[in-house]
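Observations on chain architecture
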Amino acid sequence: MATEDYKYLTHINSPEDLKKYKYEELIVISNELRQYIIDIVSDNPGHFASSLGVVELTVALHYVFNTPYDKLVWDVGHQAYGHKILTGRRDNFCTNRQLGGVCGFPSIFESKYDAFGVGHSSTSISAALGMAVSACLRGEEDRHVVAVIGDGAMTGGLAFEGMNNAGVQKSNLLVILNDNNMSIDPNVGALNQYLLDITTSKTYNKVKDEVWNKLGKIKKFGPNTRAFIQKIEGSIKSLIMKQSNLFESMNMRYFGPVNGHDVNQLVTILEDLKDIKGPKLLHVLTKKGKGFEAAEKDQTTWHAPGKFDKQTGERISVKSNISQAPKFQDVFGNTIVELAEKNEKIVGITPAMPSGSSLKIMMKAMPERAFDVGIAEQHAVTFSAGLAVDGMLPFCNVYSTFMQRAYDQLIHDVALQKMNVVFCLDRGGLVGDDGATHHGVFDLAYMRIVPNMIVSAPMDESELRNLMYTAQLPDKGPFSIRYPRGRGVMPNWKTEMKEIKIGTGRIIKEGEDIAILSIGAIGDLVSELKDDFEKENISVAHYDMRFVKPLDEKLLHQIFKKFDYIMTLEDGVIQGGFGSAVLEFKNENNYTSKVNRLGIPDEFIEHGTQRELYHICGYDTEGILKTVKEMTKTT
Ligand SMILES: Cc1ncc(C[n+]2csc(CCOP(=O)(O)OP(=O)(O)O)c2C)c(N)n1
């Protein structure tokens, strides 16, 4: 649709503008909002199906509540595109996820309407409760706080910690459970089954309908509202006697389930709920991908589909210039199956990322030995420890950024007890357009300070296979293998696997003037620079160190004895990371060579393409060449 065709949307620059329209017009406004998301995201890719599913809810929330005075907290935030468009970011939305553009997730630095920064899941209830309690303490009794959380995010333990606390607070917290029966992949676990049961139970729905019919009349009762609510509560309570309700038993008044695509009904209900004090939960049923056929049919693919043709629903694959090499994740997925066929102790675990991590390959090949445990990183790690203590060999695959959630489990349950757990840390390094919340840049640093932990990072797919093979050999203890998002460099990746001696690096290229010590796949940038180094007449040696811990001290002694100039390169934070480990080695052994560390400075890096962000951090090919030239110039 051309911009001028958005009869309403072009005039909505804030929720105030939205509120000027009639209740009946909200349907057209919702349709326009949905179309706008389709128009923009088809051309400038990002998350998709989740935002389409909450279009009506978004319109209703901003219509009813007085944002930003009332606080609206989105969980994960990947579904907040409609919210961004309605809150003054419509025209900029075409820059979504681009360098310097709109952030793909709510950010308190971007807008006063983004009440809380997100990206990681299951934080909304705790954060919203904090705001609600704060409002109470300041005497702002008229302030409403709303958390919108998906059924996937609700599987995270933190959400339950928040509810557990909310149930004993008197603050006006409204939790909206956006139930589309999907996470990125189909939602899993007993809670999912419970939500399905509650939605489909006939007895339940009969009583619920009666309750809602009464609730719908509240407005007409004017001053008697309170008495009426008590009556309704009576009905709900009797309902609970019949079918014990999880949320009610946590002291949260439960309402619903209601149709999340009927914007008018949503407005009525939300208006009514505003009058009900205390913590409450509204269960809203939506369809992920609503209004775009291809997305409704294949919700996992359309969670974040890349570019697509908005007329035909065909996805447009961006041609990669790096050959036909597979993604690291697919090499992981295929290799774990290969290993598990021979080693019957191996099991695979993913917290809600079977597609993203490619563990789904194992889930298909050997369903009884591969587990999607829901968005539950802490559980994933301790569950792995439990499996390991009883003799299994878990490969626990967690995105580097999400592993931050499970740090204590990693230390207390795995490392301290020397468990044979293999951590495959996916999306290590700068991930690009998902931005600051998703960059996997801390793991090398946070892993290397944990006793007993082997910390490794393969430079290519064959090395990933070798490390996975090595990690499953007997009694290796806690073993972490980190690799980046996306494609590797080896079209023929299916190499024969061999053991790598723990704590050994390898030489990639001999040289005389300077040594570059890299860790992980970022080392490939050094290989790309081969001709440039030659042109500059600088003889550069390149070592792929493979292990951050234990370091290859034998190799390091050789390097420090030979080179006056040493550069370390890592796709991770400089402080405390691989380069720091090399510096510590230098100091402890009284070497005098000059060491420059390239990596991520002590700040959060925003969104952009991976290459743009490498550039900003000074370790793209240009930055590496510049540092090499500067260091060797002084000779
Ligand atoms: C701690 C954490 N683990 C994993 C993810 C990856 N992730 C992003 S969205 C998502 C699914 C969320 O499902 P749901 O809350 O139901 O929202 P929907 O997309 O269905 O609207 C997952 C697993 C994350 N953001 N945070």
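It should be emphasised that the depicted structure is a prediction, and the values quoted were computed from it without experimental measurement.

Okay, the site of the ligand next. As a structural note, the neighbourhood of the ligand is formed by 22 residues, with S50, H78, G152, K288 and E377 the closest of them. The side chain of S50 places a nitrogen or oxygen atom 2.8 Å from an oxygen atom of the ligand. Considered class by class, the residues forming the shell around the ligand number eight nonpolar, ten polar and four charged.

One finds I37, F48, L61, I176, L270 and L282 to be the most contacted residues of the largest nonpolar core, which totals 53 residues. The residues touching L61, leaving out its near neighbours within four places in the chain, are L72, W74, V146, V148, I176 and L270. If you look at the next biggest cluster of nonpolar residues, it comprises 49 residues, including F402, A406, V414 and M419.

Right, let's talk about the side chain of N466 for a bit. Its location among the elements puts N466 in helix α22 (residues 461-471). Leaving out residues up to four positions away in the same chain, N466 has contacts with E496, M497, K498 and I500.

Moving on to the state of the cysteines. Structurally, a disulfide amounts to a covalent bond that connects the sulfur atoms of two cysteines. One pass over the structure, following the stated rule, counts zero disulfides. Here C103 is not cross-linked by a disulfide; its sulfur's nearest cysteine counterpart is in C94, at 15 Å. Residue classification places C103 among the buried positions, given a relative accessible area of 12%. Of all cysteine sulfurs in the structure, the one in C424 sits closest to C396, which takes part in no disulfide; the separation is 8.7 Å. When its relative accessible area of 0% is taken as the criterion, C396 is described as buried.

A few words on the pattern of salt bridges. Scanning the model with the defined rule gives 27 salt bridges in all. Of the charged contacts in the structure, one is a salt bridge between E56 and R34, with a shortest N-O distance of 2.9 Å. Residue E56 is located in helix α4 (residues 55-64), and its partner R34 is located in helix α2 (residues 26-43); the two are separated by 22 residues in the primary sequence. Here E56 matches R34 in class, with each residue buried. Connected through shared salt-bridge partners, D460, E463, R506, D544 and R546 make up one network.

The next subject is the side chain of Q472. Within the secondary structure, Q472 is located in the loop between α22 and β11 (479-482). A polar atom in the side chain of Q472 sits 3.0 Å from the side chain of N343. The residues contacting Q472, other than those within four sequence positions of it, are L339, N343, I346, L393 and F395.

With that settled, the discussion passes to the sheet that holds strand β1 (residues 71-74). Taking strand neighbours across the sheet as the criterion, the five strands line up as β1-β2-β3-β5-β4 in an open arrangement whose pairing is parallel. Where the open sheet ends on each side, the last strands, each with one partner, are β1 and β4 (253-259). Neighbour-to-neighbour, the strand axes of the sheet open up by a mean angle of 20°, direction not taken into account. Pairing of strand β2 (residues 145-150) with strand β3 (residues 173-179), which is carried by six bridges, proceeds in the parallel orientation. Of the residues in β3, the one forming a bridge with I149 is L177. Docked against the sheet, helix α8 (residues 190-200) engages β3, β4 and β5 (280-285), running at close to 80° with respect to β5. This element, helix α13 (residues 263-274), spans β3, β4 and β5 of the sheet and lies at about 170° to β4.

Strand order in this open sheet of five strands is β12-β14-β13-β16-β17, and the pairing throughout is mixed. Of all strands in the sheet, those bounded by a partner on one side alone are β12 (506-509) and β17 (594-600). With direction set aside, neighbouring strand axes in the sheet form an average angle of 25°. Two elements, strand β13 (residues 514-518) and strand β14 (residues 540-544), share five bridges in a ladder whose sense is parallel. Of the residues in β14, the one forming a bridge with I514 is V540. Docked against the sheet, helix α26 (residues 578-588) engages β13, β16 (565-573) and β17, running at close to 145° with respect to β16.

Following the criterion strictly, the structure yields 20 aromatic pairs and no others. Consider the rings of F48 and F308, whose centres lie 4.8 Å apart with planes at 55°: the pair is tilted. Separated by 260 residues along the polypeptide, F48 in the loop between α2 and α3 (49-53) and F308 in the loop between α14 (293-297) and α15 (328-342) bring together distant segments of the chain. When sorted by exposure, F48 lands in the same class as F308, which is buried. Members of the aromatic cluster, connected to one another through ring pairs, are F48, F292, W302 and F308. Above the ring of F65, the side-chain terminus of K274 is found at 5.6 Å from the ring centroid.

Taken as a whole, α8 has its buried residues at L191, N192, Y194, L195 and I198. Down the axis of α8, the smallest arc covering the buried residues is 160°, so these residues share one side. Opposite the packed face of α8, turned more than 90 degrees from it, sit the exposed residues A190 and T200.

What follows covers the packing of helix α18 (residues 377-389) against helix α20 (residues 407-415). One way to put it is that α18 packs onto α20 with a least axis distance of 9 Å and a crossing angle of 5°. Classified by the angle between their axes, α18 and α20 sit roughly parallel to one another. Seen from α18, the contacting residues are Q378, V381, T382 and A385; seen from α20, they are Q409, L410, D413 and V414. A breakdown of the residues in the contact of α18 with α20 according to their chemical character gives four nonpolar, three polar and one charged.

Calculation criteria
- Residues numbered from 1 in each chain as written.
- Predicted model: local features only at pLDDT ≥ 70, side-chain atom pairs only at ≥ 80, totals over all residues.
- Heavy atoms only, no water.
- Near = heavy atom within 4 Å.
- Polar contact = N/O pair within 3.5 Å; in protein donor to acceptor, adjacent residues only side chain to side chain.
- Nonpolar A, V, L, I, M, F, W, Y, C, P; charged D, E, K, R; others polar.
- Core = buried A, V, L, I, M, F, W, Y, C linked by side-chain atoms within 4.5 Å.
- Buried < 20%, exposed > 50% of the residue type's maximum accessible area, 1.4 Å probe, protein only.
- Contact = heavy atoms within 4.5 Å.
- Helix = DSSP H or I, 4+ residues; strand = E, 2+ residues; numbered from the N terminus.
- Disulfide = S-S within 2.5 Å.
- Salt bridge = Lys/Arg side-chain N within 4 Å of Asp/Glu carboxyl O.
- Pairing = 2+ DSSP bridges.
- Axes fitted to C-alpha atoms, helices over the stretch in contact; angles between N-to-C directions.
- Phe/Tyr/Trp six-rings, centres within 6.5 Å; stacked < 30°, edge-to-face > 60°.
- Lys NZ or Arg CZ within 6 Å of the ring centre and 35° of its normal.
- Arc of directions from axis to C-beta.
- Parallel < 35°, antiparallel > 145°, perpendicular 65-115°, else oblique.

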